[in-house]
Amino acid sequence: MYKGVATKEKTFCYIKRFPKYSRDFFIYSHDRFFSTLGLGTFKPEPYREDNYIVNFKDAIIEAVSNGINYIDTASNYRYGISEQEIKEALDILLETKGFQREELVISSKAGFIPLDFPFPEDPYSWIEEKVVQKGLATKEEVVIDQHCMNPKFLRWSVERSLSNLGIETLDLLFLHNPETQLGYVPRKIVLERIKEAFILFESLVKEGKIKHYGVASWNTFLYEEDHTEYLSLMDIVAIAKEVGGEAHHFKYLQLPYNLAKTHALNYTNQPYSDGKYYSIMQVAAMEDLHVIGSASLLQMNLFKKPFTQNISAILGTAAMTDVHTALQFARSGPVVSALFGSLTPDHVKDNLFLAFTPKANPNEYRSLFMQGDVNAL
């Protein structure tokens, strides 16, 4: 098991490995430096057998060897296989290539039931045997046979992730899509379950198993206020302060942010203490919460037609591909890091052309929204 977490000193040493990169390819966030591009390990359609033939290991090695020090995963991604492949990469990176655990930021998520690979013939019996009968949760706490926030289950999930990854501490732990339970469980109970989860997470910080925690969601902070799956960030912040005081360790959000889905920045649906409404990114900034951008390429669904020349010109990627343009847009927003997924080392290397490119000019970036060039692709 690899000890340690990412530190300010070691992640700064990591930055110095890449003196030719743009100065803003790395960003400081809550006691460590992140690369502004991060590698995700999600793979859609987990039931497909070919998802288990491929391996993220070589892409991770390529990424870390060339300036990406943020790796994101989840306990349920490919039923734990993604986490295990990160360990395979860490064994090579740390044992033979001279990198140190403290140079890398590693995040995972807990909330969805990870099952096992090979996929069990009867997943309902698996849940009954592995979760309910072992006292990790009651049947009622397992929502739509896939999501659970019982603290015993979450602790088991975190410890399973640490074992899969071969590390003693996660830099970031995200509560994974808590909105999954809304519509099936009364809102009051969902908020109570989030509170119990945060109590556990603060305990895990004290135990040295996580450094910080957050919430990873798809739409819960982006919906209109009366939507069934909507959550107010200030309600979640209030829970964190109740549980951990002003020194709580709730520090991050993970949200989709891309050229077609810009709501996190420009949709004012989140109430704040001054009685006004702001976007989720604005409220996060006011509460010193940092945002990780997910779905930067929208699982390649952004590329059904070419981007306009105006977009690439403003983003400084006119001589590059539409993939570069999409990643440049995502990382130039108010995010710590923009995630992309790649199984191919060559694709990782190609995306890293952006490491030599400054982020978009803030004023020109804002002009994309004023001109209507985004959110309509």
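What counts as what
Residues numbered from 1 in each chain as written. Predicted model: local features only at pLDDT ≥ 70, side-chain atom pairs only at ≥ 80, totals over all residues. Heavy atoms only, no water. Helix = DSSP H or I, 4+ residues; strand = E, 2+ residues; numbered from the N terminus. Expected span 1.5 Å × (residues − 1). Contact = heavy atoms within 4.5 Å. Polar contact = N/O pair within 3.5 Å; in protein donor to acceptor, adjacent residues only side chain to side chain. Buried < 20%, exposed > 50% of the residue type's maximum accessible area, 1.4 Å probe, protein only. Pairing = 2+ DSSP bridges. Axes fitted to C-alpha atoms, helices over the stretch in contact; angles between N-to-C directions. Salt bridge = Lys/Arg side-chain N within 4 Å of Asp/Glu carboxyl O. Core = buried A, V, L, I, M, F, W, Y, C linked by side-chain atoms within 4.5 Å.

**What to know about helix α5 (residues 151–165)**
Here is step 1 of the chain: Spanning 15 residues, α5 covers 21 Å between terminal C-alpha atoms, matching the ideal 21 Å at 1.5 Å per step.
Here is step 2 of the chain: The inward-facing, buried residues of α5 contact α3 (81–95), β5 (105–110), α4 (123–132), β6 (170–176), α6 (187–206) and β7 (210–216).
Here is step 3 of the chain: For α5, the capping residue at the N-terminal end is Asn150, with a side-chain oxygen 2.7 Å from the backbone nitrogen of Lys152.

**Overview of helix α11 (residues 322–332)**
Here is step 1 of the chain: Across the 11 residues that make up α11, a large majority, 10, are buried.
Here is step 2 of the chain: Among the residues of α11, those classed as buried are Val323, His324, Thr325, Ala326, Leu327, Gln328, Phe329, Ala330, Arg331 and Ser332.
Here is step 3 of the chain: Buried residues along α11 sit against β3 (37–40), α10 (309–315), β12 (337–341), α12 (345–351) and α13 (362–370).

**Thoughts on the sheet that holds β5**
Here is step 1 of the chain: Reading around the circumference, β3-β4-β5-β6-β7-β8-β11-β12 is the order of the 8 strands in this closed barrel, with parallel pairing throughout. Across the sheet, the mean angle separating the axes of adjacent strands is 30° when strand polarity is ignored.
Here is step 2 of the chain: Bridge analysis of β7 against strand β8 (residues 250–256) gives 4 bridges, and the strand direction is parallel. Across the sheet, residue Val215 finds its bridge partner in β8, namely Leu253.

**So, the pattern of salt bridges**
Here is step 1 of the chain: For the structure on display, the rule yields 14 salt bridges.
Here is step 2 of the chain: Close ionic contact of Arg155 with Glu207 constitutes a salt bridge, the shortest N to O distance being 2.8 Å. Highlighted residues: Arg155 in helix α5 and Glu207 in the loop between α6 and β7, separated in sequence by 52 residues.
Here is step 3 of the chain: Taken together, the shared-partner salt bridges in this structure form one network comprising Arg155, Glu159, Glu207 and Lys209.

**With respect to the environment of Ile144**
Here is step 1 of the chain: Structurally, the position occupied by Ile144 is in the loop between α4 and α5.
Here is step 2 of the chain: C-alpha of Ile144 to C-alpha of Thr180: the two residues are 36 residues apart in sequence and 8.7 Å apart in space.
Here is step 3 of the chain: Setting aside residues up to four positions removed in sequence, Ile144 forms contacts with Thr180 and Tyr184.

**Thoughts on the nonpolar core**
Here is step 1 of the chain: One finds Phe198, Phe201, Leu233 and Phe250 to be the most contacted residues of the largest nonpolar core, which totals 105 residues.
Here is step 2 of the chain: Ranked by residue count, the leading element in this core is α6, at 8 residues.
Here is step 3 of the chain: Excluding its chain neighbours within four sequence positions, the residues that come into contact with Phe201 are Leu154, Leu173, Leu175, Ile210 and Tyr213.
Here is step 4 of the chain: Counting 11 residues, the second-largest nonpolar core is a separate cluster that includes Val105, Leu172, Ile292 and Val336.

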